[in-house]
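Survey of secondary and tertiary structure
Chain by chain, the residues run as shown.
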Amino acid sequence: MKIGRNDPCWCGSGKKYKSCHAAFDEKLDAYKAKRVPVPSHKLIKTQEQLEGIRKAGKLNTEILDMVAANIKAGMSTDDINTLVHNYTIEHGGIPAPLNYQGFPKSVCTSVNDVICHGIPDKNEILKDGDIINVDVTTILDGYYADASRMFLIGEVSEEARKLVEVTKESVDLALKEVKPWGRLGDIGAVISEYVYKHGYTVLRDIGGHGVGNDFHEDPYVCHIGKKGTGMLLVPGMVFTIEPMVNEGEEDFFQDEENGWTIYTEDGSLSAQWEYTVAVTEDGVEIITH
Ligand code: MF3
Ligand code: CO
Ligand code: CO
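Residues numbered from 1 in each chain as written. Chains lettered and ligands numbered in written order. Predicted model: local features only at pLDDT ≥ 70, side-chain atom pairs only at ≥ 80, totals over all residues. Heavy atoms only, no water.

1. Brief notes about the environment of serine 270
Along the chain, the position of serine 270 falls in strand S13 (residues 270–272). For the pair serine 270 and valine 67, spaced 203 residues apart in sequence, the C-alpha separation works out to 20 Å. Filtering out sequence-adjacent residues up to four positions away, serine 270 remains in contact with Asn112, Asp113, Val114, Ile115, Ile131, Met150, Leu163, Val245, Asn246 and Thr264. Within the structure, serine 270 has its side chain in polar contact with the backbone oxygen of valine 245 (distance 3.3 Å). (Helix = DSSP H or I, 4+ residues; strand = E, 2+ residues; numbered from the N terminus. Contact = heavy atoms within 4.5 Å. Polar contact = N/O pair within 3.5 Å; in protein donor to acceptor, adjacent residues only side chain to side chain.)

2. Notes on the coordination of the cobalt ion (ligand 3)
Distances from the cobalt ion (ligand 3) to its protein donors, namely Asp135 (OD), Asp135 (OD), Asp146 (OD) and Glu274 (OE), fall within the range 2.0 to 2.4 Å. Of note is the cobalt ion (ligand 3), whose six donor atoms meet at the metal with angles of 58 to 167° in an arrangement that counts as irregular. Each donor residue of the cobalt ion (ligand 3) belongs to the same chain, with the gaps between them written as D-x10-D-x127-E. A separation of 3.3 Å is found between the cobalt ion (ligand 3) and the cobalt ion (ligand 2), both of which receive a donor from aspartate 146. (Donors = N, O, S within 2.8 Å, 3.2 Å for Na, K, Ca; no water. Tetrahedral: all angles 85-135°; square planar, octahedral: opposite > 155°, others 65-115°.)

3. Focus on the pairing of strand S14 (residues 275–279)
When you tally the buried positions in S14, you get five out of five residues, the bulk of the element. Burial along S14 is two-sided: the face carrying Tyr275, Val277 and Val279 and the face carrying Thr276 and Ala278 are both buried. Bridge count between strand S9 (residues 238–241) and S14: four bridges; the pairing is antiparallel. Residue phenylalanine 239 lies in a different strand from S14, and its bridge partner there is valine 277. Relative to strand S15 (residues 284–288), S14 runs antiparallel, the two sharing four bridges. Note that in S15 the partner of valine 279 across the bridge is valine 284. (Buried < 20%, exposed > 50% of the residue type's maximum accessible area, 1.4 Å probe, protein only. Pairing = 2+ DSSP bridges.)

4. Examining a negative patch on the surface
Together, Glu249, Asp251, Glu265 and Asp266 give the surface a local cluster of negative charge. With respect to the helices, strands and loops of the structure, glutamate 265 is situated in the loop between strand S12 (262–264) and S13. Glutamate 265 gets classed as exposed once you look at its relative accessible area, which sits at 51%. (Patch = residues over 30% accessible without salt bridge, like charges linked within 9 Å, V, L, I, M, F, W, Y side chains within 5 Å. Areas by Shrake-Rupley, 256 points an atom, 1.4 Å probe, with all protein chains shown as cover. Salt bridge = Lys/Arg side-chain N within 4 Å of Asp/Glu carboxyl O. Lys, Arg positive; Asp, Glu negative; His and termini not counted. Charge placed at Lys NZ, Arg CZ, Asp CG, Glu CD.)

5. Topic: the coordination of the cobalt ion (ligand 2)
Ideal geometry at a metal centre: 109.5 degrees between donors when four sit tetrahedrally, and 90 or 180 degrees when six sit octahedrally. On the protein side, the cobalt ion (ligand 2) has Asp146 (OD), His209 (NE2), Glu242 (OE) and Glu274 (OE) as donor atoms, found 2.0 to 2.2 Å from it. Each of the six donor atoms around the cobalt ion (ligand 2) contributes to a set of angles spanning 51 to 163°, which defines the coordination as irregular. For the cobalt ion (ligand 2), the donor residues sit on a single chain with the sequence spacing D-x62-H-x32-E-x31-E.

Encoded structure:
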């Protein structure tokens, strides 16, 4: 059903539609007529939702800062799980991974050739030279925020350090592409171009996602893309950028026993950084990093 010009706007502002998102919807219709994929209204967060997601993001960033302050050689990945779990609960949050589609722990810990979805384990001890991704997702008052960072344990090889650095730089470059009336493919284009330039590969089939009201929402954010293609970016969209970059081939396999952990097929190292971002009226807001 079509919304009347004097009806309250669908965005939840309380303003009349005609003085709120009416012009915006006309603009979307014009893009649509040019065959540009446009986001549905449900992918555009209300101010109230954005406020909630920001608070979840603030706690999520604090948790990663706490991990950064404590992570060291000799500790197990399950010790990281305990730190994340307890801190989250003590601050009124819920660790989103716990029991998510059967995931058994409160955080993902992915060491060396593990690409993502590593399960914390008390028998997995961090040692000098390891690289590890810690992926934290927090629910606060029903809202979700998702981010991950890499940590270098002790002295790591020059090649590992470089992989981690290039992966981070690819995300920072992509942030510049997050702006209203840009395209989702612009993000994948800069990331894949930068990663390939350094001789690495990036996963096509596992990528970022809308987030905020739920853990994984539309759209799928592919880190391989073409400039000027893909979904239109508009203010109020919230999604992750989280490239998984392999030192070797892009191919991966899943642990058959636990059904979660994803490894590089060739055993080479893999790195990942993840930010949750929002598209604002004039660019990007980092929700958690
Ligand atoms: N945090 C991951 C992501 O960035 C998802 C992990 S799902 C889990 O999308 F169940 F493994 F936690
Ligand atoms: Co994510
Ligand atoms: Co994540």
